[in-house]
Structure formats: C-alpha cells, structure tokens
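Residue-level listing of the chains:
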Amino acid sequence: MFLFPRSMQRTIVSHKDFGLTNSKTHLGFVQNLVFIVRLISSSLPSENRSVETKENGQKLSSMVSYFMNSCGLSAKSALAASKKVSIKNTEGADSVLRLLGNHGFTNLQISKVVRVCPQIIALNCERNLLPKIEFFGSIGVLSDDLPKLISSTPHLLAVSLKNRLSPNYNFLKNIVFLDEVVVRVMKRMKWAFLRDLSSNLAPNIAFLREIGVPASNISNFVISNPCGASIIPSKFCEIVNKVKTMGFNPLRRMFLKAIEVISQMTKLNWESKIEVYWRWGWSKDETLNAFRRHPYCMRISEEKITKTMDFFVNKMGWLSQDIAKRPEILLYSLEKRIVPRCSVVQVLLSRGLIKKDLCPCSLLVLGETQFKKSYVTKFQVKVPQLLNLYEEEMNLLDVRPGFERRIGC
C-alpha cells in the first residue's frame, strides 16, 4: 500500500473539511486529489519509485541499443523506433533482419525499412513476413525489384496479406488483367495500395462506366493515373462533372486525361496557368480550347511555358495563336527536340529548300525517324553540314546565345 511521506500526511484533507456535500463537487474534489497523488509520487526520491519503472527504462535503453547496433539507426531514430515497438527478446528480430538480407536487401535498405516501420522486426518470419515476400514474387515482382519496392514503402510488409494485399491485387487484376500491369500500378500507388482500394476505386470506376467511358479507357486510366482514379468518390464525381461541362466527350481518351490534370490542380494553380498563357497572347477561350486539344498543356510548369513560348515567339517568330492550335508541342524538350529541329528548319529555309508557308508545328510532332528522313538525310547532299548541326544541337544542354547567327551558315 502506498503511503505519503510523514511530512505531507497532514496536508491531505477530506472534502467534508471544506463542507463539500454536493455530488458534482465531490467528484471534482476526487479528481483533484488523484492529480495531487500523481504529482507527489512523481516528485518522490528515486528509491521510492516502482521497480517496474526501472525495468521499463532498461527495456527502452536496450531497444535503443538494438536499433542502433543491429539496424544501423541513428540515436534519434532509434529512440523514436523504441517507443513504437517492444520485443521480448532479440532472436525474432534477428531472424527478421536475416530474412531481409537473404532476399537481397542491403544494410541501408534494411535500416530504412526498420526506421520507417519498426513494427516489422516484431513480426513472425514464417507466419507473417515470408508469405508476403512469396506473394510479391508470385505476382511478378522480380527479386531485384523487391528490396526497392519494400524499402520505398515498408508498410507493405506490415499490412495483412489476407485482408489487404491479396484483395487489392485481385481487384486490380480484374481491371487491368495482367500481373505485370498490376505490379506496375502498385509501384506507382504504393501508399494507396495499403488502403482498401475497392472503397474508393470501385465507385469511381462504376461512375465512369455509368457515363459511358469505354472499359479499355478506364483500364488505361487506372494504369496511368492510379492515385487519381482512387481519390474520394464525392471529389471524383465533382471533377468528372466539371470536365463534362468543359465539353470533353466521355468516349474519347482526352476525357480521362482532363480528369487526371484537373485532379492534380488547385483552383489557384489553374488560374495562374491561365494568366501565364494570357501574357503570351492567348485569350481565356483559346486556353480552354488548347486544354481540350491536349489537357497536359495545363500541367506544364510556368517556367517551362515561359521558356518555350519565348523561344517560339521571340526567336522563331511564330504566332502564339498557332501554338494554341497544337499545344502538345509545348510538352516537348526544348533542348532535345525543339531547338535541334528548328535549327534544321532555319537552315533549309535560308537555302530555299522548303516552303516558307510550311507549318512549323507539324515538323515538331513527327517521330524522330520520320523527321530525320524528311528533313535531314533528304538534303544531306545539298547541305553536307546539316546532319552534324542536328546531332550537335541534340547534345546541347541549353539554348546558347547566338543561335540565330550560327544556323545561317
């Protein structure tokens, strides 16, 4: 039985000493008394504290040492991990570390797994961990890829195989059909894979089917944008309806691309992109039309838009309205595609080898093989330096000053 120090016993009084007879007041008195007891006990000398507290401290210290020495955690990470998991002995934890090492995990990857999800070292290897590792192998996760997958999302080993991993796999396979595609989707939505996919993804897919989106398009949508396809259904329906009001046809693939873009943008971000295009001469309607033609034009960074439009308008002399009709060219690499091809065009124009009214945008959308065949090798006899110029420009890291003068050779 716990006793207060003799010097403090006189300070403890009954609620009756204060004339407290009301039940609510009595309750308050008792609560305050409990608080006083706890406060006093915490201020007692160390020799009066319970043995259990000392044992807990020893266990905590032992766990910190284990996380640091066996798992490679820093002192801070080891302390944080020791507060999340407790093990009776280190034999089981050692078995977990050996299991991971035997399946190709490096020390650095093991350290990351334990730091992010320390509960893993308390799991039973045979009953919990090995079946999950075998599951990933059975669906097509290569042995070399497994450590990368798990170390990027360690909680994949902590969730239930029966209640989470396996149901999510079966659900996705019914949509995308192939194991390798399921694995690809899982790699792109690792954290979402920890949740019940059917709770969000199923109603969203049902809604898309209801409005007439083809099954093949839905499958491609889940593959390319699994996280966007599994957002909260109420929010998803709101985005879909917004895209419909913009004039997108549910039967076309651009419909789902628009959903993908809108789901990733805030209203402020959208208005900011509108303003950037407005500064380059696009009206609000022209921007919306460009978005209908290629929704990804609104996903480009403002810096990329500005840099590319500056090259087209100020260096090449193109009309910004013409670019709005082929907005996909804004997505191309300035260094690896736009500048090299425009350098070839400028040379051919200066020699009168191609027509001046040729739509420049059409040159950029051609495949690499077709472009070289039609505009490089075709004129190599008349312009021997053309191929060297093109290949040199392909290796540029940025648009160098004096570009216009040099290509006029």
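The structure we're discussing is the one just above.
Described below are features of the structure shown in this document. Source: prediction; values computed, not measured. (Residues numbered from 1 in each chain as written. Predicted model: local features only at pLDDT ≥ 70, side-chain atom pairs only at ≥ 80, totals over all residues. Heavy atoms only, no water.)

1. A word on the overall build of the protein
Logical step 1: What the protein contains, in helices and strands, is 24 helices and 0 strands.
Logical step 2: Looking at the protein as a whole, 39% of its 409 residues are labelled buried.
Logical step 3: Look at the contacts in the protein between residues 6 or more apart in sequence, and 70% of them connect residues 24 or more apart.
Logical step 4: Counting every atom, the protein has about 23,200 Å² of accessible surface; 54% of that belongs to carbon and sulfur. (Helix = DSSP H or I, 4+ residues; strand = E, 2+ residues; numbered from the N terminus. Buried < 20%, exposed > 50% of the residue type's maximum accessible area, 1.4 Å probe, protein only. Contact = heavy atoms within 4.5 Å. Areas by Shrake-Rupley, 256 points an atom, 1.4 Å probe, with all protein chains shown as cover.)

2. Some remarks on helix 5 (residues 90-102)
Logical step 1: The end-to-end C-alpha distance of helix 5, which contains 13 residues, comes to 18 Å, matching closely the 18 Å that a straight helix rising 1.5 Å per residue would cover.
Logical step 2: Taken together, the buried positions of helix 5 are occupied by Ala93, Val96, Leu97, Leu99 and Leu100. Angularly, the buried residues of helix 5 cover 155° about the axis, an arc narrow enough to put them on a single face. Every exposed residue of helix 5 that faces more than 90 degrees away from the buried side is listed here: Glu91 and Asn102.
Logical step 3: By the N-cap criterion, in which a side-chain oxygen at the helix start approaches the backbone nitrogen of a residue two or three places on, helix 5 is capped by Asn89, the distance to Glu91 being 3.1 Å.
Logical step 4: Count one or two residues on from helix 5 and you reach Gly104, which has phi positive near 95°. (Expected span 1.5 Å × (residues − 1). Arc of directions from axis to C-beta. Polar contact = N/O pair within 3.5 Å; in protein donor to acceptor, adjacent residues only side chain to side chain.)

3. Some details on unusual backbone geometry
Logical step 1: If you check the backbone angles, Phe177 has positive phi at about 75° while not being a glycine.
Logical step 2: Assignment of secondary structure puts Phe177 in the loop between helix 9 (161-176) and helix 10 (179-188).
Logical step 3: Judged by relative accessible area, Phe177 falls into the exposed class, the value being 56%.

4. Points about the pattern of salt bridges
Logical step 1: Per the stated rule, a full pass over the model turns up 8 salt bridges.
Logical step 2: Arg279 is paired through a salt bridge with Glu275; the nearest N and O atoms lie 3.6 Å apart. Of this pair, Arg279 and Glu275 both sit in helix 16 (residues 267-279), 4 residues apart, roughly one helical turn.
Logical step 3: Taking relative accessible area as the criterion, Arg279 reaches 49% and is therefore assigned partly exposed.
Logical step 4: Overall, the relative accessible area of 43% leaves Glu275 in the partly exposed class. (Salt bridge = Lys/Arg side-chain N within 4 Å of Asp/Glu carboxyl O.)

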